[in-house]
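Breakdown of the fold
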Amino acid sequence: MSSENKPVMPPERIEETETEEEIRREEAAKGKGERAFEVFCAAIFLGMIGLVFFNAFLRYVFRSSFAPSEEWARFLFIYITFIGGIEAFYRHKHIAVDMFVNMISGASRKAVDIVASLFMLAALVLLLFGGISVVLQTLDTYSVATDVNMAFINGTLPVMAFAAIIIHLRDIVRLIRTPASSTPRPKRNRGENMELVVFLVSLFGFLALGIPIAIVLVLCSMVLMYYGGMWDSMFVMIIPQSMLDGANNYPLMAIPFFVFAGEIMTEGGLSKRVVKLAQLIIGRVRGGLGYAAIVSSVIFAGLMGSSVGEAAALGSLLLPMMAQAGYKPGRAGGVIASGAILGPIIPPSTNFILLGATVGLSITKLFMIGLVPGLIIGLCLMVTWFFIVRIDGYKEKIEFKKGEASKIVRDAMPAFMMPVLLLGGIRFGVFTPTEGGAFACVYAIAVCTLYYRELTFKGLLAVSARAARTTSVVMLIVATATAVGWFITSAQIPMQVAELFQPLVDSPILLLL
């Protein structure tokens, strides 16, 4: 690092990141059918946002409500979870733990991939037949508020399973035909409490095969069902029925809403204005880029609620600047990654939403609880960065020309006001966290299209399709976790875990160790 006290001007154009290049290649490779399917998913996603926002608007402005809106929104949520999951299967976007299978190559890797594919196929076949059974049982069942035949809603699961089976059979055929040399090279008597052992062995065993986590949870459910002697035609329906119940969750809709709002802000230019505001606030001191990264993380945490999205957005904006200023790559990545941990703490936190919806806690209170600790962590990061700057010898400062300050503040004000309006509305009961997520989406779309005018209709559809796919990936894991949770409870695994730690209850220090 040069010891010269040289100002670093914020570049107007940020280099394209690896993720953006991948997205561009995917867009270029899409056919008409894929684009039509994406538009369909985007329309469902935007419709879900519109219904929730419309109901909140009616209640707050006109003191009335549209009763069927919540039910329609939940139905669209189920469609996004399962129908949107078809594209995730097609593009192999489901989350998997592949670090173990990446350690092998050649014939061994091919054999492991085939075994994993057969396990996945078995899980999908169970979902298909179990889902069909659920549909047949609900042919005469209608929803309360909208009078919709529930077979049309529950049918999304077997449709997804059937499409995934077709896709997977094609992949298995390709895998068998692929020479072993073409597979990827490595990258550097029942005893007591046996249900717990069976669950853990099956969980980590299937994860080690690189199977997507959602399918792993289905397979674990199948193992527990077989081990518990519950394998019959009636119990086979429990897995798909539990998955449908897990996806039919109104509070969880807040998660894709906040993810979508963050995507819109990144696409529409709102993110780079937040970074410039942070640079204006604190960039004039030594190591200003690092301080700006931390301040931006605090603001972004109040916009996105996700550490991954926050790190991706800030990394694409700040890493080129920090490299230009002479920062060590590890140090630059470290300060951005450290700031990104504020995403799950400062509201709106997707982790708090998931916790509140599954355990039954107040999401509003969880949001308020996370605000002050998040700000304290941000302050501690700045204190730490103060010493790092002096150890590494960073002396760069960020300077702006006269007259730029007012423009930066004016441009960033809509972004800065969003968390204020969002948290204020949730705290004072104007809207629920789910409705707040819909408000955040509408607010971000309005600002990026009408105020900044950087978000086009085509860009809106593309972001909506990406958000729909992300939603399906996350919610499929949540849905399958609901299913495996039923069997975990049935097998009394929580009680077995409690019994394992019972001898340590009288010694809190030993329990912590």
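Residues numbered from 1 in each chain as written. Predicted model: local features only at pLDDT ≥ 70, side-chain atom pairs only at ≥ 80, totals over all residues. Heavy atoms only, no water.

Re the overall build of the protein
On a plain count of helices and strands, the protein comes out with 22 helices and zero strands. Within the protein, the proportion of its 513 residues that are buried is 49%. Carbon and sulfur atoms make up 66% of the accessible area of the protein, which totals about 24900 Å². (Helix = DSSP H or I, 4+ residues; strand = E, 2+ residues; numbered from the N terminus. Buried < 20%, exposed > 50% of the residue type's maximum accessible area, 1.4 Å probe, protein only. Areas by Shrake-Rupley, 256 points an atom, 1.4 Å probe, with all protein chains shown as cover.)

What to know about a nonpolar patch on the surface
Residues V125, F129, I132, L136 and L139 make up a contiguous nonpolar surface patch of roughly 450 Å² in combined accessible area. Note on placement: V125 falls in helix α4 (residues 106–137). (Patch = residues over 30% accessible without salt bridge, like charges linked within 9 Å, V, L, I, M, F, W, Y side chains within 5 Å. Salt bridge = Lys/Arg side-chain N within 4 Å of Asp/Glu carboxyl O.)

Quick notes on the packing of aromatic side chains
A ring pair, where both rings are aromatic, is described by two values, the distance of the centres and the angle of the planes. Overall, the coordinates contain 14 aromatic pairs when judged by the stated rule. With a centroid separation of 6.2 Å and 15° between ring planes, the pair formed by W385 and Y394 is classed as stacked. Like W385, the residue Y394 is buried in the burial classification. An aromatic cluster of three or more residues is present, and its members are Y327, W385 and Y394. Sitting over the ring of F428, R427 keeps its end group 5.9 Å from the ring centre. (Phe/Tyr/Trp six-rings, centres within 6.5 Å; stacked < 30°, edge-to-face > 60°. Lys NZ or Arg CZ within 6 Å of the ring centre and 35° of its normal.)

Let's talk about the pattern of salt bridges
Pairs may arise between side chains of opposite charge once their charged atoms sit close together. As enumerated under the stated definition, the model contains 15 salt bridges in all. For K328, the salt bridge is made with D392, and the minimal N-O distance between the two is 3.8 Å. Highlighted residues: K328 in the loop between α14 (307–324) and α15 (329–340) and D392 in helix α17 (residues 363–392), separated in sequence by 64 residues. Relative accessible area serves as the criterion here: at 16%, D392 is assigned to the buried category.

Considerations on the environment of G424
Along the chain, G424 falls in helix α18 (residues 404–427). Measuring from C-alpha to C-alpha, the distance between G424 and G436 comes to 10.0 Å, with twelve residues separating the pair along the chain.

Considering the packing of α4 against helix α8 (residues 213–227)
Between α4 and α8, the least distance of the axes is 9 Å, while the angle of their chain directions is 75°. Between α4 and α8, the angle falls in the class roughly perpendicular. Taking contact as the criterion, the partners of F119, M120, A122, A123, L124, L126 and L127 in α4 are, on α8, I215, V218, L219, M222 and M225. Across the contact of α4 with α8, the residue classes tally to twelve nonpolar, no polar and no charged. (Axes fitted to C-alpha atoms, helices over the stretch in contact; angles between N-to-C directions. Parallel < 35°, antiparallel > 145°, perpendicular 65-115°, else oblique. Contact = heavy atoms within 4.5 Å. Nonpolar A, V, L, I, M, F, W, Y, C, P; charged D, E, K, R; others polar.)

A few points about the confidence of the model for the protein
Taken residue by residue, the protein gives an average pLDDT of 83. The fraction at 70 or more is 89%. Mean pLDDT in the protein bottoms out at helix α1 (residues 18–29), which sits at 57, and peaks at helix α5 (residues 150–154), which reaches 93. Counting contacts from residues 1–18, a segment whose pLDDT is below 50, to residues more than four positions away or on other chains yields 37 contacts. Every residue in residues 185–192 is under pLDDT 50, and counting partners more than four places away or in other chains gives ten contacts. (pLDDT = per-residue confidence, 0-100.)

Here we look at the side chain of T480
Inspection of the secondary structure puts T480 in helix α20 (residues 457–490). If we skip the residues at most four places from it in the chain, T480 touches A214, L217, V218 and M243.

Let's talk about unusual backbone geometry
A cis amide bond links P347 with the next residue in sequence, P348, at an omega value of 5°. Note on placement: P348 falls in the loop between α15 and α16 (350–359). Of note in this structure, H92 is not a glycine but carries a positive phi near 55°. Its place among the elements puts H92 in the loop between α3 (68–90) and α4. What makes H92 exposed here is its relative accessible area of 54%. At R453, a position not held by glycine, the phi torsion is positive, near 60°. Structurally, R453 can be placed in the loop between α19 (433–451) and α20.

Structural notes on the side chain of T350
Structurally, the position occupied by T350 is in helix α16. Given the relative accessible area of 13%, T350 is considered buried. What T350 contacts, discounting residues up to four positions off in sequence, is I255 and G305.

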